[in-house]
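# What the coordinates show
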Amino acid sequence: NVQTTDGLTLRFAQYSNDYCNDVDVAYYNASNVLIRTDSYTPTSWQFSTAQAVTSFKKIIITFNGTNKPYRYLRLTGIDFGELVYLTNENIKQAILTQECDPLSTTLPIDTLELNIFSSDSNFSIINPSGSYEKIKENLPLDAYEQIGNETIYLGKFYLDAWQNLSNNEIKLNCVDALGTLEKIPYLYGGLVSPNEIVVNATTAGVLIADMLERINIPYTIETELLSVPVMGWIPVCSYREALQMIAFSIGARVTCSRMGVLQIYKTTIASELTDFSY
């Protein structure tokens, strides 16, 4: 599939401040034809191209030099789009809700509500050069909490809805990965086609991999669950509902809390947590 981006953000070695100071970025379309190429000279460990490109299929990034010669280049991450940092100076209100059903009778969706203030109308709908123009559904947000000198990661969220409260204030409603799975229809049945009865069992590892890798959802699953047999029929429903049925049947719990990926764990019962012997 072809892609669109508002730019690329390259992250190099932050603590040693090692970075590439001469980089070329080339974009190719679905026919492998070069559609755009640009050269940049970063001056910091983190650099954003801030160049919007549409309908590309492939990117080739060439690193030509470093700010500290004779050192290996260390690229720690590439983000699509321009990174925007929101701190207590911008955030007027933040409400974070994180839940987990240990039995997986349902898969609760973690939510994040943010009221953002910008004194320069950066989030105003009438400002075509501000950040509002780049806001789109499923825009990823990473949430952190600062307690003393410790930074705690709270999870990855995706923009679900937003509205301008005024020219200087915008409200963002975000959901976790399970919230995005609720919007995607699961049409494959996983085990069989609709209206058929399963005869042979498969394993949880095979079924979940087929489900989530099909839509590029990163996840981790506890090793003990990979070989658990699964048998049954999954009707046409949302991906979240299908995952809930599987998790319930294999004795697993699913959560996104405090992690950037979907996590699937074996359910731990109370007797395994506490010794009640006297």
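Everything below is about the structure printed above this text.
An account of the accompanying structure is given in this report.

About the cut-offs
Residues numbered from 1 in each chain as written. Predicted model: local features only at pLDDT ≥ 70, side-chain atom pairs only at ≥ 80, totals over all residues. Heavy atoms only, no water. Core = buried A, V, L, I, M, F, W, Y, C linked by side-chain atoms within 4.5 Å. Buried < 20%, exposed > 50% of the residue type's maximum accessible area, 1.4 Å probe, protein only. Helix = DSSP H or I, 4+ residues; strand = E, 2+ residues; numbered from the N terminus. Contact = heavy atoms within 4.5 Å. Pairing = 2+ DSSP bridges. Salt bridge = Lys/Arg side-chain N within 4 Å of Asp/Glu carboxyl O.

## Points about the nonpolar core
Counting 28 residues, the largest nonpolar core has Leu178, Leu181, Met211, Leu243, Val254, Leu262 and Ile264 as the members making the most contacts within it. Looking at this core, the elements with two or more residues in it are helix H1 (177–181), helix H2 (204–214), helix H4 (239–250), strand S19 (252–255) and strand S20 (262–266). Counting residues per element, this core draws most heavily on H4, at six residues. Dropping the residues within four chain positions of it, Ile264 is found in contact with Ile208, Tyr219, Thr220, Ile221, Glu222, Leu225, Leu243, Ala252, Arg253 and Val254. Counting twelve residues, the second-largest nonpolar core is a separate cluster that includes Tyr19, Cys20, Val53 and Phe56.

## Structural notes on unusual backbone geometry
In this structure, Ser55 is a non-glycine residue whose phi angle is positive, near 55 degrees. Overall, the relative accessible area of 42% leaves Ser55 in the partly exposed class. Even without glycine at this site, Asn216 takes up a positive phi of about 60 degrees. Looking at the element boundaries, Asn216 is found in the loop between H2 and strand S16 (219–221). What makes Asn216 exposed here is its relative accessible area of 66%.

## Re the environment of Gly179
Take Gly179: it is sitting in helix H1. In this structure the C-alpha to C-alpha distance between Gly179 and Asp110, which are 69 residues apart in sequence, comes to 7.6 Å.

## Considerations on the pairing of strand S13 (residues 169–175)
Burial analysis of S13 places five of its seven residues in the buried class, the great majority of the element. In terms of strand pairing, strand S10 (residues 111–117) meets S13 through seven bridges, oriented antiparallel. By the bridge assignment, Thr111 is partnered in S13 with Val175. Between strand S12 (residues 150–164) and the antiparallel strand that follows it, S13, lie four residues.

## Quick notes on the pattern of salt bridges
Inspection of the entire model under this criterion finds nine salt bridges. Note that Arg11 is salt-bridged to Asp79, the shortest N-O span being 2.7 Å. Of this pair, Arg11 sits in strand S2 (residues 8–11) while Asp79 sits in strand S8 (residues 77–80), and the two are 68 residues apart along the sequence. Here Arg11 falls in the partly exposed class, since its relative accessible area comes to 23%. Notably, a salt bridge pairs Asp160 with Lys183, separated by 2.9 Å at the nearest N-O pair.

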